[in-house]
Amino acid sequence: MHEAPPTPSPASPTAPAEPLSHGLKQRHLTMLGLGGVIGAGLFVGSGAGIAVAGPAIVVSYLIAGALAMLVMRMLGEMSAAMPASGSFSVHAERALGRWAGFSVGWLYWFLLVVVLAVEATAAAQIAHGWVPGVEPWSWVLLFMVVFTVANLTAVKNFGEFEFWFASLKVGAIVVFLVLGGLAVFGLLPDTDPVGMTNLTGQGGFLPNGWSGVVSGVLTVVFAFGGLEVVTIAAAETDDPARAVGRAVRNAVVRILFFYVGSMLVIVTVLPWTAQQAGLSPYVKVLDAIGVPSAGQIMNIVVFVALLSALNANLYGSSRMIFSLAERGEAPRGLLKVSGGGPGGSTGQVGGVPRRAVLASVAFGFVSVLLNLLWPDTVFLYMLNSVGAVLLFVWALIAASQLRLRARLEQEAPDALALRMWWFPYLTWVTLAGLLGVLLLMLTDDAARPQVLWSAGATALVLLVAVAREWRESRARRDPSALTDR
């Protein structure tokens, strides 16, 4: 097996420079961190969590958010010390070996391009509702073309798209929190103070007991997926180590505030029994406090959230497969970048891995087609096969941090600008928490297929990784082994 690349020395705390643009600014990264994780899972999917946990959904979000925050702190520590476009895939390779970097990189790429299809299709359905004369597939094509073009040009275009998308989402939540808070205290026209009635009535704060809280965690934990793209994007800023540190510090606490604050407002303003899975609890609250056209306003916000996620996933998938190619884990032809290729111009206009973008969007188009033609069969199996991959990725991030932190403290302590809290105890707690979530998913009839299919996909990728390393190890021992075949 190949040895993991050496940890950077104190004199050179970062990974070797990559032929990518440095067109992203700190404001792009900050808003990507804030808005990248705020999507349809919060605005619509949170209704399912409230339906099973009641007011205790606040606790469910605290638990899931704390888990995500710990993972991001670990990832931020490694990315600040060793920025790379492949982020946690590169860290896994350095910490655990090539098999780990290969596996987590390809699994994450597959996750992004499959979820991309869900986002494109959902956004197309909303647009079709506004303009019934245009078929949904036409909207999907339009979205894919627009964001492909945006990602093929300067990286700052991606940053600007995400900056304004995220600004709208963050602004919408801030307005919601203000209006909801005023409604709780009866400060809006035609409203009376709500008090604690809805938190303690209808079965109390824990209407379904702690099992409801656990079910709520299983429902909402995946809504925090997407934060990882911040550390991928940091490699394309002028000062990656500083940028990722600031973005991670700002994002995790504020996102917890947005998520937990929103849920607290929702279950305080209205009885939890008024919420339904599949319907936005935000719309119900806005309707209840008299905001006109609340449904359409939230439709616009969800639409923007879906397009934002589509854009971020296309960016993240292209950089991940580019990083895999750079390390010899994907076809080397994907290393071609605009501005003259590797070693060429890396200014804001150049330095875009266009072949990697096209490879990612090509599979994205295939995923969309499968979603449109066979949503309940072929695509459902694909979706299930990535359903729990995020948890596997987070677990490998934690395992990598355990190895790299000890190595960095010995070889490059000055590179640890951002440190994981209470290392290694909280890292082990995080790993135990992720294992606990996976075991609980296995006991849940709805979630079990996702774990089993995702485990199968992971096992397949691991098998390929081990086979590749065995083949290369054999070739090193006997160079004629490959040529004789």
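Residues numbered from 1 in each chain as written. Predicted model: local features only at pLDDT ≥ 70, side-chain atom pairs only at ≥ 80, totals over all residues. Heavy atoms only, no water.

Asks: Which parts of the structure should I look at to understand the overall build of the chain?
Replies: If you tally the helices and strands in the chain, you get 20 helices and 0 strands. Here the C-alpha radius of gyration of the chain, 23 Å, is about what a compact globule of 485 residues would show, namely 23 Å. Considering only C-alpha atoms, the chain reaches an extent of 80 × 55 × 40 Å along its principal axes. Within the chain, residue pairs in contact and separated by at least 24 positions form 79% of the contacts whose partners lie at least 6 positions apart. Working note: accessible area of the chain is about 19,300 Å², and carbon and sulfur atoms make up 67% of it. Averaging the positions of the 29 positive and the 27 negative side-chain charges in the chain gives two centres separated by 7 Å. (Helix = DSSP H or I, 4+ residues; strand = E, 2+ residues; numbered from the N terminus. Rg over C-alpha atoms; globule rule 2.2 N^0.38 Å. Contact = heavy atoms within 4.5 Å. Areas by Shrake-Rupley, 256 points an atom, 1.4 Å probe, with all protein chains shown as cover. Lys, Arg positive; Asp, Glu negative; His and termini not counted. Charge placed at Lys NZ, Arg CZ, Asp CG, Glu CD.)

Asks: Any chance you could explain a positive patch on the surface here in plain terms?
Replies: Taken together, the side chains of R471, R474, R476 and R477 define a basic patch exposed on the protein surface. Along the chain, the position of R474 falls in helix α19 (residues 448–477). Looking at R474, the relative accessible area reads 35%, which means it is partly exposed. (Patch = residues over 30% accessible without salt bridge, like charges linked within 9 Å, V, L, I, M, F, W, Y side chains within 5 Å. Salt bridge = Lys/Arg side-chain N within 4 Å of Asp/Glu carboxyl O. Buried < 20%, exposed > 50% of the residue type's maximum accessible area, 1.4 Å probe, protein only.)

Asks: Where do I start with the side chain of R73 in this structure?
Replies: Mapped onto the secondary structure, R73 falls in helix α4 (residues 57–81). Summary of buried charges: R73 has no salt-bridge partner, and the nearest side chain of opposite charge, E77, is 6.6 Å away. In this structure, R73 is in contact with V248, R249, L418, R419, M420 and W421, ignoring residues within four places of it in sequence.

Asks: Please explain the packing of helix α13 (residues 281–288) against helix α14 (residues 294–326) as it appears in this structure.
Replies: How two helices sit against one another is set out by the angle between their axes and by the gap between those axes. α14 packs onto α13 with a crossing angle of 145° between their chain directions and a minimal axis gap of 9 Å. Relative to α14, the crossing made by α13 is right-handed. Between α13 and α14, the residues in contact are Y282, V283, L286 and D287 and A294, G295 and M298, respectively. Its residues assigned to classes, the contact of α13 with α14 shows 5 nonpolar, 1 polar and 1 charged. (Axes fitted to C-alpha atoms, helices over the stretch in contact; angles between N-to-C directions. Left-handed = near helix turned anticlockwise from the far one by under 90°. Nonpolar A, V, L, I, M, F, W, Y, C, P; charged D, E, K, R; others polar.)

Asks: Just to check I follow, could you spell out the pattern of salt bridges for this structure?
Replies: If charged atoms from side chains of opposite charge come close, those side chains can pair. Under the defined criterion, the tally for this structure stands at 9 salt bridges. Across the pair E409 and R405 runs a salt bridge, and its minimum N-O distance is 2.8 Å. Here E409 pairs with R405, and both are found in helix α17 (residues 389–411), just 4 residues apart, close to one helical turn. Using a relative accessible area of 37% as the deciding quantity, one classes E409 as partly exposed.

Asks: Looking at this model, I keep getting lost on a nonpolar patch on the surface. Mind explaining?
Replies: Together, W137, L141, V145, V149, F365, L369, L372, L373, W374 and V378 make up an exposed nonpolar region whose accessible area comes to about 900 Å². Broken down by secondary-structure element, the contributors of at least two residues to the nonpolar patch are α7 (136–152) and α15 (354–373).

Asks: Looking at this structure, how should I read unusual backbone geometry?
Replies: Most peptide bonds take the trans configuration, and most residues that are not glycine carry a negative phi. F423 connects to P424 through a cis peptide bond whose omega is 0°. The residue P424 is located in the loop between α17 and α18 (425–443) in this model. Here S87, not a glycine, exhibits a phi torsion of approximately 45°, which is positive. Turning to its location among the elements, S87 is positioned in the loop between α4 and α5 (88–96). Residue classification places S87 among the buried positions, given a relative accessible area of 1%. One non-glycine residue, Q202, lies in positive phi territory at about 50°. Mapped onto the elements, Q202 comes out in the loop between α9 (197–200) and α10 (209–220). Judged by its relative accessible area of 36%, Q202 is partly exposed.

Asks: I keep staring at the side chain of E236 and nothing clicks. Help me out?
Replies: For E236, the position within the fold is in the loop between α11 (229–233) and α12 (240–269). E236 gets classed as buried once you look at its relative accessible area, which sits at 0%.

Asks: Would you explain the packing of aromatic side chains in this entry?
Replies: Each pair of aromatic rings is reported with the distance of its centres and the angle of its planes. In total, this model carries 19 aromatic pairs according to the counting rule given. Geometrically, the ring pair formed by F176 and Y282 is tilted, given 4.6 Å between the ring centres and 50° between the ring planes. Of this pair, F176 sits in helix α8 (residues 155–184) while Y282 sits in helix α13, and the two are 106 residues apart along the sequence. Since its relative accessible area comes to 3%, F176 is described here as buried. On the basis of relative accessibility, which here comes to 1%, the residue Y282 falls in the buried class. An aromatic cluster of at least three residues, connected via ring pairs, comprises F102, W106, W109, F110 and F363. In this structure, R27 packs its charged tip against the face of F163, placed 4.7 Å from the ring centre. (Phe/Tyr/Trp six-rings, centres within 6.5 Å; stacked < 30°, edge-to-face > 60°. Lys NZ or Arg CZ within 6 Å of the ring centre and 35° of its normal.)

Asks: Explain α7 here, please?
Replies: Helical geometry note: an α-helix holds 3.6 residues per turn, so side chains three or four residues apart project in the same direction. For α7, spanning 17 residues, the distance from its first C-alpha to its last is 24 Å, which sits close to the expected 24 Å at 1.5 Å a residue. By the burial criterion, the buried members of α7 are P136, W139, V140, F143, M144, F147, T148, A150 and N151. With its buried residues spanning 160° around the axis, α7 presents them on a single face. Close packing links the buried residues of α7 with α6 (98–130), α8, α14 and α15. (Expected span 1.5 Å × (residues − 1). Arc of directions from axis to C-beta.)

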